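# Chains, contacts and geometry: an overview
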Amino acid sequence: MLLTFLSSFGQTFFISIFAGEIRAAFSLSHGDWGAVYAMGTMLSAVTMIWAGALTDRFRSRALGTAVLVALALACLMMAWNKIALLLPLSIFFLRLFGQGMTSHIALASMSRWFLATRGRALSIASLGVTVGNALVPVVFVALMAIYDWRTLWVLAAFIALAGIPVLVLLLRRERTPQSMSADNVAALGMSGRHWTRVDVLRHPLFWMMIPALVGPPAWGTAFFFQQVHFVEVKGWALIELVAWLPLFTAVTVGAMLLSGWAIDRFGVARVFPMWLLPAAASFAIFAIAATPMQAGIGLMVFAVTQGAQATLPSAFWAEFYGTRHIGAVKAMGAAVMVTGTAIGPGVTGYLIDAGFGIEKQYIGIALYFLAASVLMILGLARYRGALVSASEAA
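Heads up: these notes are all about the structure in this document.

Rules and cut-offs
Residue numbers restart at each chain and count upward from 1, following the sequence in its written direction. Whole-chain, interface and lining totals are the exception, using all residues; otherwise, since this is a predicted model, local features are given only for residues with pLDDT of at least 70 and side-chain atom pairs are given and counted only at 80 or more. Note that water and hydrogens are dropped before the side-chain values are worked out from all heavy atoms of the structure. Numbered from the N terminus, helices here are DSSP runs of H or I no shorter than four residues, and strands are runs of E no shorter than two. Our radius of gyration is a C-alpha quantity, and the globule rule it is checked against amounts to 2.2 Å times the number of residues to the power 0.38. Relative accessibility decides the category of a residue: with a 1.4 Å probe and only protein chains considered, values under 20% of the type maximum give buried, values over 50% give exposed, and everything between is partly exposed. Between two residues, a contact is recorded if the distance between any of their heavy atoms is within 4.5 Å. This count recognises Lys and Arg as positive and Asp and Glu as negative, with His and chain-terminal groups excluded. Taken as the charge centre is NZ of Lys, CZ of Arg, CG of Asp or CD of Glu, depending on the residue. Think of it this way: a Phe, Tyr or Trp ring, Trp meaning its six-membered ring, pairs with another when their centres are within 6.5 Å, and the plane angle makes it stacked under 30 degrees, edge-to-face over 60, tilted otherwise. Note on geometry: a ring has a charge over it if NZ (lysine) or CZ (arginine) is within 6 Å of the ring centre and within 35 degrees of the ring normal. Here a salt bridge means any side-chain nitrogen of Lys or Arg lying within 4 Å of a carboxyl oxygen belonging to Asp or Glu. Expected span of a helix: the number of residues minus one, times 1.5 Å. Directions pointing from the helix axis toward each C-beta atom define the arc. What goes into a patch is any residue over 30% in relative accessible area without a salt bridge, connected to like charges within 9 Å or, for nonpolar side chains (Val, Leu, Ile, Met, Phe, Trp, Tyr), within 5 Å. A 1.4 Å probe and the Shrake-Rupley method give the accessible areas. Residues count as covered only by the protein chains that appear here.

A few words now on the overall build of the protein chain. Tallying secondary structure elements over the protein chain gives 20 helices and zero strands in all. The C-alpha atoms of the protein chain give 20 Å as radius of gyration, which agrees with the globular expectation for 394 residues (21 Å, within 12%). Looking at the protein chain as a whole, 58% of its 394 residues are labelled buried. A separation of at least 24 residues holds for 85% of the contacts in the protein chain among residues at least 6 apart in sequence. Averaging the locations of the 24 positively and 14 negatively charged side chains of the protein chain gives two centres separated by 9 Å.

Laid out in structure tokens, this is it:
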């Protein structure tokens, strides 16, 4: 939970509050800023494929400490950088060590260490990013009225470093990664196998799941990334939308905990198919919303998908592909999802500059979620039966 909380400094909900200051400092249009953000995020996604596998080799205590040091340095780079060409590099480091590796270490560890209560473990660990989403932007926006935005990035670096001794204390009796212990039997995946990353890439289910895995991070990120433009188009004040965020957070937490319980009770294969339907409904609501209250209702609906997002993908990798190579496999999945966070802001920013309205975009996004749901349902229905073989083999 500590690690997922500290991932806030690399998350879009934090970086985006500085969007106006960053665009002004580097003379960027909406499209330019979206492109910079997409470039840095895409690079971090590619790097995650390699870096994420380190969780299979190193203890979370040691790897987490190194990642938090790197995250602090990334925050300092954002604070001190005044060269436009280095801005994508700043975003790259923030996204890799913040959103990417910090969350990955936490959730890969939960997937490996817990079996019968894996869903609940994932939901509790994921509460950190939800708490961060609720508190960190509010606190830093308030501080922006007093301090220069670059100074606040120095504060973020200090907080990341302050988390290191707490992390070491909490993990002083850390479990050993299964790949380091010959006596520790990893949970099996489909057909009673321990799936490697190469095996997963060759399996059709992985490719059928990609649109579903990309969707929430891509378009959820895009919504919050473009929230200022969205309220401008609607003719509202930003505070009228932001005022709904506490309720959004509350519903997100409820959905997160409920999805964790549902995973343990019914299994990922039965819960996953319903995951994207609230997202499809929410973007349709955003598109047609005539009042801030209607948009707020859309946020509540999207929070259901957002909450389940914290648990379902991680549980999916562990349940369908096993846990012996969970770091490498989940890193590949994390790279797919991080790629989504690059696609969303980049595509929406480009379309805004091209004159394609945000409301029309949101109708298209709603249709995307419906299509991704259909493909996911077909894939899970096709390969769910293999999980029976896995349980029998175990």
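The next subject is the packing of aromatic side chains. Evaluation of the coordinates by the stated rule reveals 36 aromatic pairs. Ring centres 6.0 Å apart and planes at 45 degrees place the aromatic pair F223 and Y362 in the tilted group. Taken together, the residues F223 in helix α10 (residues 204-225) and Y362 in helix α19 (residues 358-383) connect sequence positions 139 residues apart. Of the two residues, F223 and Y362, both sit in the buried class. In this arrangement the basic side chain of R382 is found over the ring face of Y383, its NZ or CZ atom lying 4.6 Å from the centre.

Scanning the entire structure with this criterion turns up two salt bridges. Across the salt bridge formed by R120 and D264, the nearest N and O atoms sit 2.9 Å from each other. Taken together, the residues R120 in helix α7 (residues 118-144) and D264 in helix α13 (residues 245-266) connect sequence positions 144 residues apart. Between K234 and E359 there is a salt bridge; the shortest N-O distance is 2.7 Å. Residue K234 is located in helix α11 (residues 227-234), and its partner E359 is located in helix α19; the two are separated by 125 residues in the primary sequence. Among the residues examined, K234 registers a relative accessible area of 14% and is labelled buried.

Quick look at α13 now. An ideal rise of 1.5 Å per residue puts 32 Å on 22 residues; α13 measures up with 30 Å between its terminal C-alpha atoms. Among the residues of α13, F248, T249, T252, A255, M256, S259, G260, A262 and I263 are the ones counted as buried. Down the axis of α13, the smallest arc covering the buried residues is 165 degrees, so these residues share one side. The outward face of α13, more than 90 degrees from its buried face, is lined by the exposed residues P246, L258 and R265. The inward-facing, buried residues of α13 abut α7, α10, α14 (268-271), α16 (292-309) and α17 (312-321). Positive phi shows up at G267, right after α13, with a value of about 90 degrees.

Together, M274, L277, I288, I363, L367 and L370 make up an exposed nonpolar region whose accessible area comes to about 590 Å². Of all elements in the fold, only α15 (277-288) and α19 reach the threshold of two or more residues within the nonpolar patch. It is α19 that provides the largest number of residues to the nonpolar patch, a total of three residues. Position of L277 relative to the elements: it lies in helix α15. Taking relative accessible area as the criterion, L277 reaches 38% and is therefore assigned partly exposed.

For the rest of this paragraph, the subject is unusual backbone geometry. The phi dihedral of S27 falls on the positive side, at around 55 degrees, and the residue is not glycine. Tracing the sequence through the fold places S27 in the loop between α3 (19-26) and α4 (30-51). You can call S27 exposed: its relative accessible area is 64%.

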